[in-house]
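Residue strings, one per chain:
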Amino acid sequence: MVWPGLNAPILQGKELVQQKQLPPDTEREAKLLKIRDFMGVFRPVRLSPLERGWSGTKMHGRSVGPPDPVGLDTFEGFDTKVLEMKNVAVMDGNFGRKKRFSVVAFTGNKNGLAGYAIGKNPDGRAAIKRAKNKAGQKLLFIERYNQHTVLHDFFCQFGQTKIYVYKKPEGFGLVCHRAIRTMCEVIGIKDLYAKIEGSTNLQHIVKAFMIGVLRQKPYDAMAEDKQLFVVEQREENEDLPVVLAAPTRCRELKEIPSHENLDFRTYGFDGRIVLRRRNFVPFYTSLPSWQNHLLKTEFKRNSNEVKLRLFNDYDGMKSHLTAKHPECDQKYAAALHKKQLMEAAAANENE
């Protein structure tokens, strides 16, 4: 057995390397103690609750930073979220079962620019880096309404995953699947409601949602397609009609066939209808006692809503007839009693 440096010389090219004694290291013991103390106690990195992702120690939903710069192009303002990280395997004739990590990453600048990609690698960190950088090279621009929600209600599907997306007003929030919520946060969508039917495979959800937001039609295209005005009515605007788009030529009423569907939501959903399950009916609704209860409480069925509306409109339990009939005011009796007391007090003083 030959051991270079012990029982055999060490050759570097054609030169013989001589043994050299290193200078004494006075800090060697201190370095060894420091390494020992550091390796003896392992403390995982503590993350804030907003950075922990979807579930505890998993990578799903966590932020991994912007993609790496490409040449002089940097990704300032971008953020990347890991949507899925799992183990996959493939059988090889020479190496047998080869295991790898599969990562789905979604990146965006929270201003309508976003992209996603899938990266695979035997090392988990390398798979995340590969997916993140690939997503930065597949960016797409997504239209938004007033920079906070989608343009209109739409339906999208990939495989057996069907998604119904609803446009919502400001302040509604993101009421949807956690993967869709994470994608909306990265895109810059703040208000949205989404209903999923069928399979909840995560990659299918990502692909279906991206297909849907990219297929959104601008209002001008809708108006030209139907040859009708696109008008919006919203509760916060007291349901006043607001024209969003006008066609070059608008059809007259006699030109619109009777069987044509003019429902805007049905038009956005491509004629599909969301599955609405029947609400559970309590057993006591079929009893005679329940019918008696309804008859006794019918007179105050909408009293709470009426009170709120009157307080909002007239600052009290009043109406537009209060000026003509002041005795209808809720405070009329108290005001009349107070007036009578004041008159009695004044009469006593005069006596």
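Residues numbered from 1 in each chain as written. Predicted model: local features only at pLDDT ≥ 70, side-chain atom pairs only at ≥ 80, totals over all residues. Heavy atoms only, no water.

Draft legend 1. Region of the structure containing the nonpolar core. By size, the foremost hydrophobic cluster in this structure holds 29 residues, and its most contacted members are Leu-83, Phe-106, Ile-163, Val-165, Ile-180, Leu-192 and Phe-209. Counting residues per element, the ones that place at least two in this core are strand E4 (96-108), strand E7 (154-158), strand E8 (161-167), helix H3 (178-187), strand E10 (192-198) and helix H4 (202-214). A total of 7 residues in this core trace back to one element, the largest contributor, which is H4. Excluding its chain neighbours within four sequence positions, the residues that come into contact with Val-165 are Val-150, Asp-153, Phe-154, Leu-192, Tyr-193, Ala-194, Phe-209 and Phe-269. (Core = buried A, V, L, I, M, F, W, Y, C linked by side-chain atoms within 4.5 Å. Buried < 20%, exposed > 50% of the residue type's maximum accessible area, 1.4 Å probe, protein only. Helix = DSSP H or I, 4+ residues; strand = E, 2+ residues; numbered from the N terminus. Contact = heavy atoms within 4.5 Å.)

Draft legend 2. View of the packing of aromatic side chains. This model, assessed by the stated rule, comprises 8 aromatic pairs. Their ring planes at 50° and their centres at 4.9 Å tell us that Phe-155 and Tyr-164 sit as a pair that is tilted. With respect to burial, Phe-155 and Tyr-164 carry one shared label: buried. Each ring, one from Tyr-164 and one from Phe-269, has its centre 5.2 Å from the other, and the planes form 80°; the classification is edge-to-face. Taken as a pair, Tyr-164 in strand E8 and Phe-269 in the loop between helix H6 (264-268) and helix H7 (288-296) lie far apart in primary sequence, 105 residues in all. Across the pair, Phe-269 and Tyr-164 agree in class, each one buried. (Phe/Tyr/Trp six-rings, centres within 6.5 Å; stacked < 30°, edge-to-face > 60°.)

Draft legend 3. Expanded view of the pattern of salt bridges. Per the stated rule, a full pass over the model turns up 10 salt bridges. Across the pair Asp-153 and Arg-265 runs a salt bridge, and its minimum N-O distance is 2.9 Å. Separated by 112 residues along the polypeptide, Asp-153 in the loop between strand E6 (140-141) and E7 and Arg-265 in helix H6 bring together distant segments of the chain. What makes Asp-153 buried here is its relative accessible area of 7%. Between Glu-232 and Lys-167 there is a salt bridge, and its shortest N-O distance comes to 3.2 Å. Taken as a pair, Glu-232 in strand E11 (residues 230-232) and Lys-167 in strand E8 lie far apart in primary sequence, 65 residues in all. Among the charged side chains, a salt-bridge network with shared partners connects Lys-226, Arg-251 and Glu-260. (Salt bridge = Lys/Arg side-chain N within 4 Å of Asp/Glu carboxyl O.)

Draft legend 4. Spatial organisation of the sheet that holds E10. The strand order across the open sheet built from 4 strands is E7-E8-E10-E9, with neighbouring strands paired in mixed fashion. The open sheet has two free edges, formed respectively by E7 and strand E9 (174-175), since each of these has just one partner strand. Sheet analysis places E9 next to E10, joined by 2 bridges and oriented parallel. Bridge pairing links Leu-174 to Leu-192 in E10. Sitting on the sheet, H3 is in contact with E8, E9 and E10, with an inclination near 145° to E10. (Pairing = 2+ DSSP bridges. Axes fitted to C-alpha atoms, helices over the stretch in contact; angles between N-to-C directions.)

Draft legend 5. Spatial organisation of the environment of Ala-131. Its place among the elements puts Ala-131 in helix H2 (residues 124-136). Residues Ala-131 and Val-2, spaced 129 residues apart in sequence, show a C-alpha to C-alpha distance of 47 Å. Leaving out residues up to four positions away in the same chain, Ala-131 has contacts with Val-103, Ala-105, Ala-117, Ile-118 and Gly-119.

Draft legend 6. Looking closely at H2. With 13 residues, H2 should reach 18 Å at 1.5 Å per residue; the first-to-last C-alpha distance of 19 Å fits that figure. Buried residues along H2 sit in contact with strand E3 (79-92), E4 and strand E5 (113-121). (Expected span 1.5 Å × (residues − 1).)

Draft legend 7. Examining unusual backbone geometry more closely. Positioned with a positive phi, Lys-110 is a non-glycine residue whose angle comes to about 60°. Secondary-structure assignment places Lys-110 in the loop between E4 and E5. Positive phi, normally seen in glycine, also occurs at Asp-270, with a value near 60°. Within the secondary structure layout, Asp-270 lies in the loop between H6 and H7.

Draft legend 8. Representation of a nonpolar patch on the surface in the model. Taken together, the side chains of Met-1, Trp-3 and Leu-6 define a hydrophobic patch exposed on the protein surface, amounting to about 470 Å² of accessible area. Among the structural elements, Trp-3 can be located in the segment before strand E1 (10-12). (Patch = residues over 30% accessible without salt bridge, like charges linked within 9 Å, V, L, I, M, F, W, Y side chains within 5 Å. Areas by Shrake-Rupley, 256 points an atom, 1.4 Å probe, with all protein chains shown as cover.)

Draft legend 9. Structural detail: the sheet that holds E4. On the basis of which strands lie adjacent, the open sheet formed by 4 strands has the order E3-E4-E5-E6 and antiparallel pairing. Bordering the open sheet on either side are E3 and E6, each of which pairs with just one other strand. Sheet strands in contact with H3 are E3, E4 and E5, and its direction is about 130° off that of E3. Contacts between H4 and the sheet are confined to E3, E4, E5 and E6, with E3 contributing the most and set at about 130° to the helix.

Draft legend 10. Quick peek at the pairing of E8. Within E8, 5 of the 7 residues are buried, leaving the element largely enclosed by the surrounding structure. Pairing analysis gives 5 bridges linking E7 to E8, with the strands arranged antiparallel. By the bridge assignment, Phe-154 is partnered in E8 with Val-165. Counting the residues in the hairpin turn of E7 and E8 gives 2 residues, including Gly-159, whose phi is positive at 65°. Relative to E10, E8 runs antiparallel, the two sharing 7 bridges. Along E10, the bridge assignment pairs Lys-167 with Leu-192.

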